[in-house]
Amino acid sequence: MSSLRTGSVLRIAAVGGRADRLRMILTAVGAAAATVALLLAAAVASIGPVHEPYKLKLIAEPGLRPGAMSALLLLCLPVLGFAGQCSRIGAPARDRRLAALRMAGATPSEVRRVVAWETGLAAAAGVLLGGAVYAVAHIWFSEAPAGARPTMTEVAGSGPTQSETVVGWTDGLLFPTDVVPHWWLLVLIGVVVPLGAALGARLALRRTALTPFAVTRRVRRRPPALLPALMFLGAGAGLVLWSAIGRALPASTANATWYLLMIPLLVLIAAVGLMLGTASCAYALGRLIAPRTGRPALLIAARRMVDAPFTASRVSTSVILAVLLGCGAYALRENFTLARGEVGPYRDLYDQDRFFTRSFEAVNAIVLVGLVIAVAGLLVVAAEGVVTRRRTLAAMTAAGVPRRTLATAIVLETLVPLVPAVLVAGTTGVLAARGLFGRTVETNGPVQADGSSAWVTLDVPVPWASSAGLIGAALVLALLMTTGSLLFLRSSTDIRELRAAA
């Protein structure tokens, strides 16, 4: 086989066994979820003056729509991460199929094309599925309920002179399902999702040697670098101390555009450093625990963390990001709702429609959806790890290691590095939000005898309870998903797996 034509590549990519079909189905589901989120963001961007009224004021008010679009785009990150994790399902069987293609005469470049087309086709099917879901929602929910009426809300800022009027609707649409996004946004979504999935699949093979005898991955044996951890510490400290640094600088510098643009840059650096620094955490914990423990399960998990620390980073990235953003959102909610008078000692003095409370409830719902999707990706990776290591697990079982010990080791391998990373992520999110938006706010106080309202300064409470709830939910879901991967342990420890090629 000197050269594979495109038609041959498509046929090879579209056929496969049961694991291949499952991988393509789950990849398509992840791409469909990302497509729906992108279509909703595009619909928010395409809202015009003649569309139906919306119940959620984040969408009803033009000045607040960029925030809604940003939240929907952030939701795509754990979804795309889930789709990427699904690409590893059935990897051993696919590796043998790719090696057979090399034995038949295909070049490494052609084999990589097959993998890219396989993932791209699944993502394209997911785009069509997501488009169909949005089309059905557009047909069924394109009209607001009868009797929808506008409400006017005066939203106060952080100072006595700042206010804004926001228009909402009591019974309007919850999402802009009445809007058809601009045609160029539809084309962009239809191209970016499959193309990004195909490029991601091809990049995943950059450290893979495709030979006629086996598919081997060049595993990095060097210890994880400390640079990501240092990035996180530096950026996190900058966010926590942002308000204090701003007060120490001249007013012209603190209000400069370049200085304000440092905020999203620091957030990005902190998030990347925290996610990549999980490998360093796993490696350090493994080296600390392995020589000091006498428990077999913990010893196996610690040795695994030392040998493959980047696996922990790949598994927990989306979960850590969801916790970081969620706890930050909880802290922001305390600032804005207290400043508006929706919570606090003076909440009963004014007629409030709880604008910020409702808005942050929508943000919290998006964060929880992202967390569930991220933990679902953890299930995929944990199950694939059990299947991929089936020869090693079978050898340990043959040597006398009980299956219960192996099951405990698999759970500990995921949770031991995940627990400190999630705790640090949640704490960082809370402290960074308080550092950016302050620890005190000004709000309307009691009405004076002359009818005026005095401005009072209140301390913003720390949302430890809600943050602890999110962290606990993340860890419980991670435990459940990792335990679910143990369903594959019995078959993977069968003595006949000693004859497996991988």
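Residues numbered from 1 in each chain as written. Predicted model: local features only at pLDDT ≥ 70, side-chain atom pairs only at ≥ 80, totals over all residues. Heavy atoms only, no water.

Student: Explain the overall build of the chain to me, using residue names and the numbers behind them.
Tutor: Helices and strands together make up the secondary structure of the chain, namely 19 helices and six strands. Of all 502 residues assigned to the chain, the portion counted as buried reaches 45%. Taking the intrachain contacts of the chain between residues at least 6 apart in sequence as the baseline, contacts between residues at least 24 apart amount to 79%. Roughly 24800 Å² of accessible area belongs to the chain as shown, and the carbon and sulfur atoms make up 67% of that amount. (Helix = DSSP H or I, 4+ residues; strand = E, 2+ residues; numbered from the N terminus. Buried < 20%, exposed > 50% of the residue type's maximum accessible area, 1.4 Å probe, protein only. Contact = heavy atoms within 4.5 Å. Areas by Shrake-Rupley, 256 points an atom, 1.4 Å probe, with all protein chains shown as cover.)

Student: Break down helix H17 (residues 403-437) for me, citing the residues and quoting the values.
Tutor: Here H17 contains 35 residues, and its C-alpha end-to-end distance of 51 Å stays within 8% of the 51 Å for a straight helix at 1.5 Å per residue. Leucine 418 marks the point of greatest bend in H17, at about 30°, and the proline proline 420 comes within the next four residues. Backbone geometry just after H17 places glycine 438 at a positive phi near 95°. (Expected span 1.5 Å × (residues − 1). Bend = angle between axes of the 7 residues up to and from the residue.)

Student: Pulling in residues and values, what's your account of the nonpolar core?
Tutor: By size, the foremost hydrophobic cluster in this structure holds 38 residues, and its most contacted members are Val319, Val323, Leu371, Leu418 and Val422. Where this core is concerned, the elements lending two or more residues are helix H8 (227-240), helix H12 (262-289), helix H14 (309-340), helix H15 (355-388), H17 and helix H18 (464-484). Sequence-distant contacts of leucine 418, defined by excluding residues within four places in its chain, comprise Ser316, Val319, Ile320, Leu378, Leu475 and Ala478. The next biggest cluster of nonpolar side chains, apart from the first, holds 26 residues, and it includes Leu40, Ala68, Leu173 and Leu185. (Core = buried A, V, L, I, M, F, W, Y, C linked by side-chain atoms within 4.5 Å.)

Student: Explain a nonpolar patch on the surface to me, using residue names and the numbers behind them.
Tutor: Nonpolar side chains collect at one region of the surface, where Trp183, Trp184, Val187, Leu188, Val191, Val192, Leu195 and Leu199 lie side by side and expose about 840 Å² of accessible area between them. Tracing the chain through its elements places valine 191 in helix H7 (residues 183-204). Classification of valine 191 as partly exposed rests on a relative accessible area of 46%. (Patch = residues over 30% accessible without salt bridge, like charges linked within 9 Å, V, L, I, M, F, W, Y side chains within 5 Å. Salt bridge = Lys/Arg side-chain N within 4 Å of Asp/Glu carboxyl O.)

Student: I'd like to hear about the environment of glycine 120, residue by residue, with values.
Tutor: Tracing the sequence through the fold places glycine 120 in helix H6 (residues 108-140). For glycine 120, a relative accessible area of 11% translates into the label buried. Setting aside residues no more than four positions away along its own chain, glycine 120 makes contact with Pro194 and Ala198.

Student: Residues and numbers for the side chain of threonine 428, please.
Tutor: The residue threonine 428 is located in helix H17 in this model. Accessibility expressed as a relative area gives 12% for threonine 428, which makes it buried. A polar contact of 2.6 Å, which involves the side chain of threonine 428, links it to the backbone oxygen of valine 424. Apart from residues no more than four positions distant in its own chain, threonine 428 is found in contact with Phe232 and Leu324. (Polar contact = N/O pair within 3.5 Å; in protein donor to acceptor, adjacent residues only side chain to side chain.)

Student: Now, about the packing of H8 against H17: what can you tell me, with residues and values included?
Tutor: Here H8 crosses H17 at 35°, and the two axes come no closer than 7 Å. Of the residues in H17, those in contact with Phe232, Leu239 and Val240 of H8 are Val424, Thr428, Leu431, Ala432, Gly435 and Leu436. Looking at the contact of H8 with H17 residue by residue, the class counts come to seven nonpolar, two polar and no charged. (Axes fitted to C-alpha atoms, helices over the stretch in contact; angles between N-to-C directions. Nonpolar A, V, L, I, M, F, W, Y, C, P; charged D, E, K, R; others polar.)

Student: So what about the packing of H12 against helix H13 (residues 296-307)? Which residues, and what values?
Tutor: It is the contact of H12 with H13, at a shortest axis distance of 7 Å, that shows an interaxial angle of 140°. Taken as axis vectors, H12 and H13 run oblique relative to one another. Crossing angle aside, the handedness with which H12 passes H13 is left-handed. Note on element contacts: H13 touches H12 through Leu298, Ala302, Met305 and Val306, opposite Ala282, Tyr283, Gly286, Arg287 and Ile289. Its residues assigned to classes, the contact of H12 with H13 comprises seven nonpolar, one polar and one charged. (Parallel < 35°, antiparallel > 145°, perpendicular 65-115°, else oblique. Left-handed = near helix turned anticlockwise from the far one by under 90°.)

Student: Before we move on, could you go through the environment of valine 192 and cite the residues and values that matter?
Tutor: Residue position: valine 192 is located in helix H7. Once the C-alpha coordinates of valine 192 and alanine 124 are considered, the two residues, 68 residues apart in sequence, prove to be 9.9 Å apart.

Student: Summarise the environment of isoleucine 47; cite the residues concerned and give the values.
Tutor: With respect to the helices, strands and loops of the structure, isoleucine 47 is situated in the loop between helix H2 (18-45) and helix H3 (57-60). Isoleucine 47 sits in the buried class, given a relative accessible area of 12%. Every residue in contact with isoleucine 47, bar those within four places of it in the chain, is listed here: Tyr54, Ile59, Arg65, Pro176 and Val179.

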